[in-house]
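One letter stands for each residue in the lines below.
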Amino acid sequence: MNPYDPMREWIIYVQYIYITAIITNFADSFGVSLSRGMNIRVRFPPSPTGFCHVGTARMAILNYLFAKKHGGIIVFRSEDTDKERSTKEFEADIIDNLTWLGISWDEFYRQSERTEIYRAAIHTLIVQGKAYVSEEESKKEAGVMVKIIRLKNPGTTITFTDAIRGDITFDTTELGDFAIARAEDDPLYHLAVVVDDADMRITHVIRGEDHISNTPRQILIQEALGLPRPLYAHYPLHLAADRSKLSKRKGDVAVRSYREKGYLAPALLNYLATLGWTAPSGKEILSLDEMIGEFELADVHKNGAVFDIEKLNWFNRHYLQALPLRDFALESDKILQTSLHARGVAWNERIATSLAPLIRERIAVWEELRTFADAGEFDFFFAEPKLEPTYIAQKKVSTEDTVRHLQSVKKLLSDAPEGAYNDTENIKALVWEYASREGRGAVLWPLRYALTGQERSPDPFEVIHLIGKEASLRRIGTALALLSHI
Ligand code: GLU
């Protein structure tokens, strides 16, 4: 098609008048509303060129808290103009993971579906002499000439007030006539963002400080198009433990990988929200509603926070502990059952139920339970352990003494009534005096090893309490039989 077809020009011109009218109308209304502090509109504008990054989640959370605090509207804008790198799969991942975190939005747009709007704006800039088409050698391929549309930069000094960082001034001369599109229907990032922010009546642009240097370019485009300027708030990015930029090499960056490891959504949400923002109340553990209630942009830190996995684990442990035990057990049973099944260890509902509080004390993340369970660390609760005879006696204690201790303990345990097995402390009381007299290590080591077959495990009284009198006596008997063959 001839790009300078007069009919097409006319249609585009009419479209532009129409769009400008809408934008101006919106601009007027939000000019007024801003001064009243109402009708706040923010945006989540991820580029779907990768899985939902923790940085994307943080951007969404900060915008979400701000919008909800002020009864505002949230626009999700999929910035998919980079046709080579954007995919529907990444877009779906971002939507899915933000939803999982409990974040929602009111409106949804895709830049790839808005080409006409950008075309009209680019065309107007060209018609008005504010942009021009330039023929240049391609940066990718030497000797190949390509068309680029550049903004005529008036070279002014631009100052904008950032809600987090205060006034920021740029001399725009050095930006030169920067590119805004490859063709009228192929806008570049800055142009699309500016046109969209105005068209979507965005009042507050809350984004990472990596976008500060983009802001003067975007303001120049706004001014060339006669569009209003939103309020900007650039927050510091969070950093890897060595204070460098967070990247895949330095740990997980995808929300989905935290989700797969079994972090709880409210824990990750709480951690990401308070990473670089402190609630005025000083509280660290906050529900979404509490965060909304306390959120102010002015309280966002000016220095970059370090993404600290230990701290995230601390949050997750808190949220795991706060789960009703029944809900906790439902999930821990699932993990344990799968793991035991893989090794052919029989499941025992009664033991699993008693084990749940113990597991809850021990883990910060479900992934830890999976790791411990797959290493067979819980198998002895469900099945007789395989004992290595030479490990039964404590080092430096003779086999004869060990046999004597196990026999004595076995007798103490078997003489005790069933009732004594209801409580760990009662079980301890049965053998404590004997162990203290004969040497705790010499007595309790073989007992614990006979019961668990592990060099490290919970204390023997806890194990006896869990597996019960009968299984405990049987295991001690097995150890004694093995020792008789040494
Ligand atoms: N799409 C941009 C990004 O993913 C964000 C644009 C903006 O916040 O203005 O980094």
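Refer to the structure printed above.
Residues numbered from 1 in each chain as written. Predicted model: local features only at pLDDT ≥ 70, side-chain atom pairs only at ≥ 80, totals over all residues. Heavy atoms only, no water.

Caption draft 1: Just the pattern of salt bridges, in detail. Taken as a whole and assessed by the stated rule, the structure comprises 31 salt bridges. Across the pair R110 and E91 runs a salt bridge whose closest N-O atoms are separated by 2.8 Å. Here E91 lies in helix α3 (residues 88–101) and R110 lies in strand β3 (residues 107–110), a separation of 19 residues in the sequence. The exposure class assigned to E91 is buried, which follows from its relative accessible area of 5%. A salt bridge links D186 to R182, with the shortest nitrogen-to-oxygen separation between them at 2.9 Å. (Salt bridge = Lys/Arg side-chain N within 4 Å of Asp/Glu carboxyl O. Helix = DSSP H or I, 4+ residues; strand = E, 2+ residues; numbered from the N terminus. Buried < 20%, exposed > 50% of the residue type's maximum accessible area, 1.4 Å probe, protein only.)

Caption draft 2: Here's a closer look at the packing of helix α18 (residues 440–452) against helix α20 (residues 469–483). At a closest axis distance of 8 Å, the pairing of α18 and α20 adopts a crossing angle of 105°. When the axis of α18 is compared with that of α20, the two are roughly perpendicular. For the pair α18 and α20, the contacting residues are L447, A450 and L451 in the first and S472, R475, I476 and A479 in the second. Per-class residue counts for the contact of α18 with α20 are five nonpolar, one polar and one charged. (Axes fitted to C-alpha atoms, helices over the stretch in contact; angles between N-to-C directions. Parallel < 35°, antiparallel > 145°, perpendicular 65-115°, else oblique. Contact = heavy atoms within 4.5 Å. Nonpolar A, V, L, I, M, F, W, Y, C, P; charged D, E, K, R; others polar.)

Caption draft 3: Layout of the sheet that holds strand β8 (residues 179–183). If you walk across this open sheet you meet the four strands as β4-β5-β8-β9, and the pairing is antiparallel. The outermost strands of the open sheet, each flanked by one partner alone, are β4 (131–137) and β9 (186–187). Direction of pairing for β4 relative to strand β5 (residues 145–151): antiparallel, over a ladder of seven bridges. Within β5, the residue paired with S134 across the bridge is I148. (Pairing = 2+ DSSP bridges.)

Caption draft 4: Structural view of helix α8 (residues 265–274). In terms of residue burial, α8 counts as a mostly covered element, since nine of its ten residues are buried. Inspection of α8 places A265, A267, L268, L269, N270, Y271, L272, A273 and T274 among the buried residues, and these make up the whole buried set. Those residues of α8 that are buried lie in contact with α2 (54–69), α3, α7 (255–261), α9 (288–294) and α10 (309–322). Following α8 by one or two positions, G276 adopts a phi angle in the positive range, close to 95°.

Caption draft 5: Structural context of the packing of aromatic side chains. For the structure on display, the rule yields 18 aromatic pairs. Geometrically, the ring pair formed by F328 and W366 is tilted, given 4.7 Å between the ring centres and 35° between the ring planes. In this pair, F328 sits in helix α11 (residues 325–342) while W366 sits in helix α13 (residues 366–374), placing the two residues 38 residues apart along the sequence. A residue is classified by how much of its surface remains accessible, and W366, at 5% relative accessible area, is buried. An aromatic cluster is built from Y258, Y263, Y271, F307, W314 and F315, whose rings are joined through pairwise contacts. Its guanidinium or amino end placed over the ring of F372, R362 lies 4.0 Å from that ring's centre, counting from NZ or CZ. One Lys or Arg, K428, reaches over the ring of W432 and ends 4.6 Å from the middle of that ring. (Phe/Tyr/Trp six-rings, centres within 6.5 Å; stacked < 30°, edge-to-face > 60°. Lys NZ or Arg CZ within 6 Å of the ring centre and 35° of its normal.)

Caption draft 6: Seen up close, unusual backbone geometry. With a phi angle near 55°, R201 is a residue other than glycine that sits in the positive phi range. Inspection of the secondary structure puts R201 in the loop between α5 (189–199) and β10 (204–208). Taking the relative accessible area as the measure of exposure, R201 reaches 24% and is therefore partly exposed.

Caption draft 7: Geometry of the site of the ligand. In the vicinity of the ligand, the residues found are R43, P45, S47, E79, Y189, R207 and H211. Between the ligand and P45, the relevant distance is 2.7 Å, taken from a nitrogen atom to a main-chain nitrogen or oxygen of the residue. In this structure, a nitrogen atom belonging to the ligand sits 2.5 Å away from a side-chain N or O atom of E79. In isolation the ligand offers 300 Å² of accessible surface; the protein chains occlude 81% of this area. Its residues placed into classes, the shell around the ligand shows two nonpolar, two polar and three charged. (Near = heavy atom within 4 Å. Polar contact = N/O pair within 3.5 Å; in protein donor to acceptor, adjacent residues only side chain to side chain. Areas by Shrake-Rupley, 256 points an atom, 1.4 Å probe, with all protein chains shown as cover.)

Caption draft 8: Main features of the side chain of Q222. Tracing the backbone shows Q222 in helix α6 (residues 215–225). Using a relative accessible area of 3% as the deciding quantity, one classes Q222 as buried. Not counting chain neighbours up to four residues away, the residues in contact with Q222 comprise V194, L227, P228, R229, P230 and Y232.

Caption draft 9: Geometry of the side chain of D162. Assignment of secondary structure puts D162 in strand β6 (residues 157–162). Here D162 is buried and forms no salt bridge, its nearest opposite-charge partner R165 lying at an N-O distance of 5.4 Å. Looking at D162, its side chain comes within polar contact range of the main-chain nitrogen of I164, at 2.9 Å. In terms of polar contacts, D162 uses its side chain to reach the backbone amide nitrogen of R165, at 3.0 Å. Those residues in contact with D162, other than ones at most four positions away along the chain, are I168, Y232, A233 and H234. (Lys, Arg positive; Asp, Glu negative; His and termini not counted.)

Caption draft 10: Quick peek at the environment of K83. Note on placement: K83 falls in the loop between β2 (73–78) and α3. Here K83 falls in the exposed class, since its relative accessible area comes to 63%. With 23 residues separating them in the primary sequence, K83 and D106 have C-alpha atoms 25 Å apart.

Caption draft 11: Broad picture of α18. For α18, built from 13 residues, the straight-helix expectation of 18 Å at 1.5 Å per residue is met to within 8% by its first-to-last C-alpha distance of 17 Å. Of all 13 residues in α18, ten are buried; the element is thus mostly enclosed. For α18, the full list of buried residues reads A442, V443, L444, P446, L447, R448, Y449, A450, L451 and T452. Those residues of α18 that are buried are in contact with α14 (379–382), α15 (389–392), α16 (399–415), α17 (424–438), α19 (460–467) and α20. Downstream of α18 by one or two residues, G453 has phi in the positive range, about 65°. (Expected span 1.5 Å × (residues − 1).)

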